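# Fold and contact review
This is what each chain is made of:
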Amino acid sequence: MSLEFVGIDPDTEKDGSPTVWVEEETADLILQGEKADALLAAEIRGQSWSPGHSAGIPAHESVIRIPARMVPIIRKACDAAERRAASGTEL
């Protein structure tokens, strides 16, 4: 697996900061962020968010929090992923 680094939380300290990458082969977005706290996770687990879809968080998935200040970085990652998926080649 090869990742293209897109950006990191601009207000980050030295460790544990939200980060965004694009996986080069699949053009998937890869996000690192703070795990959802118990209250947020409970709210998400407590209902079905899409008609016909099970409620809850599957064991193989996680809910993470990405700060709003990272929206421009995520936009940049979305653009990079879209270009990669369209071209099928390395950016």
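Just so we're clear, the structure is a prediction, and the values are computed from it rather than from any experiment.

### Considerations on the pairing of strand S3 (residues 29-32)
Strand direction decides the pairing type here: strand S2 (residues 19-23) and S3, joined by 4 bridges, are antiparallel. Paired with Val 22 across the strands is Leu 29, a residue of S3. Where S2 folds back on S3, the antiparallel hairpin that results is connected by 5 residues, among which Ala 27 adopts a positive phi of roughly 70°.

### Here we look at the nonpolar core
Soluble, globular proteins show a tendency: their nonpolar side chains are buried together. Formed by Val 6, Val 20, Val 22, Ala 27, Met 70, Ile 73, Ala 77, Ala 80 and Ala 81, the largest nonpolar core amounts to 9 residues. Looking at this core, the elements that each hand over two or more residues are S2 and helix H2 (71-87). With 4 residues, the single largest contributor to this core is H2. Contacts of Ala 27, omitting those with residues within four sequence positions, involve Val 22, Ala 81, Arg 84 and Ala 85.

### So, the sheet that holds S2
Strand order in the open sheet made by the 3 strands is S1-S2-S3, with antiparallel pairing throughout. Each edge of the sheet is formed by a strand with only one pairing partner; in this case those strands are strand S1 (3-8) and S3. Each strand axis lies, on average, 25° off the axis of its neighbour in the sheet, ignoring direction. For S1 and S2, the ladder comprises 5 bridges, and the chain directions are antiparallel.

### Overview of the side chain of Thr 19
Topologically, Thr 19 is positioned in strand S2. You can call Thr 19 buried: its relative accessible area is 5%. Looking at Thr 19, its side chain comes within polar contact range of the main-chain oxygen of Ser 17, at 3.0 Å. Leave out the neighbours within four places in its chain, and Thr 19 touches Phe 5, Gly 7, Ile 8, Ile 30, Leu 31, Gln 32 and Met 70.

Quick notes on the rules
- Residues numbered from 1 in each chain as written.
- Predicted model: local features only at pLDDT ≥ 70, side-chain atom pairs only at ≥ 80, totals over all residues.
- Heavy atoms only, no water.
- Pairing = 2+ DSSP bridges.
- Helix = DSSP H or I, 4+ residues; strand = E, 2+ residues; numbered from the N terminus.
- Core = buried A, V, L, I, M, F, W, Y, C linked by side-chain atoms within 4.5 Å.
- Buried < 20%, exposed > 50% of the residue type's maximum accessible area, 1.4 Å probe, protein only.
- Contact = heavy atoms within 4.5 Å.
- Axes fitted to C-alpha atoms, helices over the stretch in contact; angles between N-to-C directions.
- Polar contact = N/O pair within 3.5 Å; in protein donor to acceptor, adjacent residues only side chain to side chain.

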